[in-house]
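Examining the three-dimensional arrangement
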Amino acid sequence: MLAVGLSLAFGIMGVLNLAHGSLAVLAAILYKKSLVLFPFSPWMFCVLATPVFLGFGFLLHLIIVAPFRNLSLSAGVVSSLIASLGLALILEDLFVWWQGWESISTNITFSTFNLMGLKIPGLRAILLGMATVTIGLSTLFLKKTDSGRSMRALAQDKEAASLYGINPGFTSMGALGLATILAGVAGIFYSSLYPLGPREGLDLTLKALFIVVAGGMGNLRGPAVAGLALGFIESFAGFLFTYTSTDTAVYSLLVAYLVLKRGGRRQ
Amino acid sequence: MKPWELFFSIIILMALMLSSALFTKGYAGIFIFSLIINGTMAVSYDIPGRSLGLISLGHAVFFGLGAYCFGIATSNGLSFFPAIILSVILSFFGSLMLTFLLAGLKHGYYSLATLGILIIFQRLFETLESITGGSAGLYIPETISKLHCNLLAAFLLLVTAGCHVLFSRSRWGLYSKETEASEEGAEAVGIPTRTVKVLCLLTAAIPACMAGVLHLARNSHVSPASGFSLTLSITALLASRIVPVKGILGPLLGVLLITAAEEIIWTKFEGFNHAWFGLILLFAALYQGIDFKRREKISAASEN
């Protein structure tokens, strides 16, 4: 889900948003803090927090997209990359100040069930289903709705889309809002599986970027397949070598892929 | 470079060389040494940054590589000068390999790949515990005095500044500017763009490796977090970009500003040093956007 949001942001606006993972961490912190006041279920929280994350997306648009609208594509990508890295670093320190060094764990529990003799953990099965539904809904949204079609038109040709009456600022704001909501939902459920450190935002973003780069930028099905591949790579690297070698394996593949696929190409 | 820029650059370099000889101990000694090391990193970063327009988020990879080569050589019983020679040779081949890999990438992909490589090295050196000491890092005994270390660092900064000036004035510097403007155009007129990029990146990598060697020689300790540090990479990037003056004066003034501000933040706002870097990065990027719009308005007005 993280990668799908990132892919949406890059495909439509040409923004490599390095603060994407930090937004997931923010969602996990907000959910944990809200549990002290009201015992929301994660589903209820996701619904209630949607407008808040949409707002964060609009705010993010003002910081990392709007100022670079008139730059060329390459200058715009680099500027938004630097601005979003700056934002990610600010957020990381704010998270440590707000929540301390303690990892965030939301402890959502679902019972294990049997499927043809196989014991399947309920939470993981639900998350798999949720990711599939989210990716399906996002694809439907992009293909079947007017707003989605506007986003795709903007991704293909900004100037031609403007001539057809599409407002580039408003449409890209909507796309970033949607990407931020996806990051928020991913953060809440990720923290139920693995404890999420306040400084892990950049790590999450880089892994999502691996998925996006490998799956194809601006495309939603590719990242889903690449995400599964990443899961396999991480599991096998952890099993064959050590737990710490999983990151080395993932980032080595990211760099190798970039060098091999993008190195010889005119960008 | 204009004559006044060269004049002020020489003044700053001379002041740093003199301070490195005068202040060797205590807080002043550490501050001057970190100014010189950050200066070397920023001036070396500026070589490909300015001429090829590449934004690296992993310049500290070369710093860490140099420091670890020297550390491993010293831990295995080599004395200072043989260890330095060995680490220069090893760092050269390491840097050559990395720059050859990165030379084909452009813009956002280059930045992303450099960040990825920085994290790979950080994690790899944490994993190879028997050679690198794991996350605790390497400790080495003092091999040379602090005064000699400071003087060598100041000499390294001077050589790096010289390389910057020579490279930008040489035909390779002109080739790299042409490559940045249009790679296809440069290739069409017979410029070997890949060789230009490798040479440019290598000219930046070697001083960074040497800075790592001297950092370890003075502080006796390096860890994956301090050697392959994202903060150090960002310091070099910011120092090179924050003062809009061409030549070596820009990164030198940038380093004075950033290092002084960093010291104030460390002492006055503990725990917010990343946020501070983030804020400057954000403003630097926003300034680039505003500056572009301003230039566009000026060019539109002049056309009218």
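Residues numbered from 1 in each chain as written. Chains lettered and ligands numbered in written order. Predicted model: local features only at pLDDT ≥ 70, side-chain atom pairs only at ≥ 80, totals over all residues.

Looking now at the overall build of chain B. Secondary structure summary: chain B contains 14 helices and two strands in total. In summary, chain B has a C-alpha radius of gyration of 19 Å against a globular reference of 19 Å for 304 residues, a match within 12%. Its C-alpha atoms give chain B principal-axis dimensions of roughly 70 × 40 × 35 Å. Looking at chain B as a whole, 50% of its 304 residues are labelled buried. A sequence separation of at least 24 residues applies to 78% of the contacts in chain B between residues at least 6 apart. (Helix = DSSP H or I, 4+ residues; strand = E, 2+ residues; numbered from the N terminus. Rg over C-alpha atoms; globule rule 2.2 N^0.38 Å. Buried ≥ 20, exposed ≤ 12 C-beta atoms within 10 Å, placed from the backbone. Contact = placed C-beta atoms within 7 Å.)

A few words on the environment of A:Leu23. All names here are of chain A. Take Leu23: it is sitting in helix H2 (residues 20-37). Of the residues examined, Leu23 has 30 C-beta atoms within 10 Å and is grouped as buried. Separated by 34 residues in the primary sequence, Leu23 and Gly57 place their C-alpha atoms 9.4 Å from one another. With near-sequence residues (within four places) excluded, Leu23 lies in contact with Phe56, Thr180, Ala183, Gly184 and Gly187.

Attention now goes to unusual backbone geometry. Negative phi characterises most residues that are not glycine, and trans characterises most peptide bonds. Residue and element names in this part refer to chain B. In this structure, Ser220 is a non-glycine residue whose phi angle is positive, near 65°. With respect to the helices, strands and loops of the structure, Ser220 is situated in the loop between helix H10 (193-219) and strand E2 (221-222). Assessed through the 14 C-beta atoms surrounding it within 10 Å, Ser220 is described here as partly exposed.

Turning to the domain arrangement of chain B, a few remarks are in order. Residues and elements named next belong to chain B. Here the domain parsing of chain B yields domain 1 (3-268) and domain 2 (273-304). Relative to domain 2, the C-alpha centre of domain 1 lies at a distance of 26 Å. Looking at the side of domain 1 that touches domain 2, the elements with two or more residues in it are helix H12 (230-242) and helix H13 (249-268). At five residues, the largest contribution of residues to the side of domain 1 that touches domain 2 is made by H12. Taken together, the residues of the side of domain 1 that touches domain 2 break down into five nonpolar, one polar and one charged. (Domains from an automatic or database assignment. Nonpolar A, V, L, I, M, F, W, Y, C, P; charged D, E, K, R; others polar.)

Here we come to the packing of helix H8 (residues 171-181) of chain B against H10(B). Residue and element names in this part refer to chain B. Packing of H8 against H10 leaves a shortest axis separation of 10 Å and a crossing angle of 115°. Crossing handedness for the pair H8 and H10: left-handed. Along the contact surface, H8 presents Trp172, Tyr175, Ser176 and Thr179, while H10 presents Thr193, Val196, Lys197, Leu199 and Cys200. Its residues placed into classes, the contact of H8 with H10 shows five nonpolar, three polar and one charged. (Axes fitted to C-alpha atoms, helices over the stretch in contact; angles between N-to-C directions. Left-handed = near helix turned anticlockwise from the far one by under 90°.)

Taken together, the contacts link 37 residues of chain B with 39 residues of chain A. If you list the elements that add at least two residues to the side of chain B that touches chain A, you get helix H5 (107-127) and helix H14 (273-303) of chain B.

A word on the nonpolar core. Core analysis: the biggest nonpolar cluster contains 168 residues, and A:Ala9, A:Ala24, A:Ala27, B:Ala113 and B:Leu118 have the highest contact counts within it. Ranked by the residues each element gives to this core, the list is headed by H10(B), at 15 residues. Excluding residues within four positions of it along the chain, A:Ala9 makes contact with A:Val15, A:Asn17, A:Ala175, A:Leu176 and A:Ala179. (Core = buried A, V, L, I, M, F, W, Y, C linked by C-beta atoms within 7 Å.)

Now for the environment of B:Leu6. All names here are of chain B. Looking at the element boundaries, Leu6 is found in helix H1 (residues 3-22). Accessibility expressed as a C-beta count within 10 Å gives 14 for Leu6, which makes it partly exposed. Separated by 241 residues in the primary sequence, Leu6 and Gly247 place their C-alpha atoms 8.2 Å from one another.

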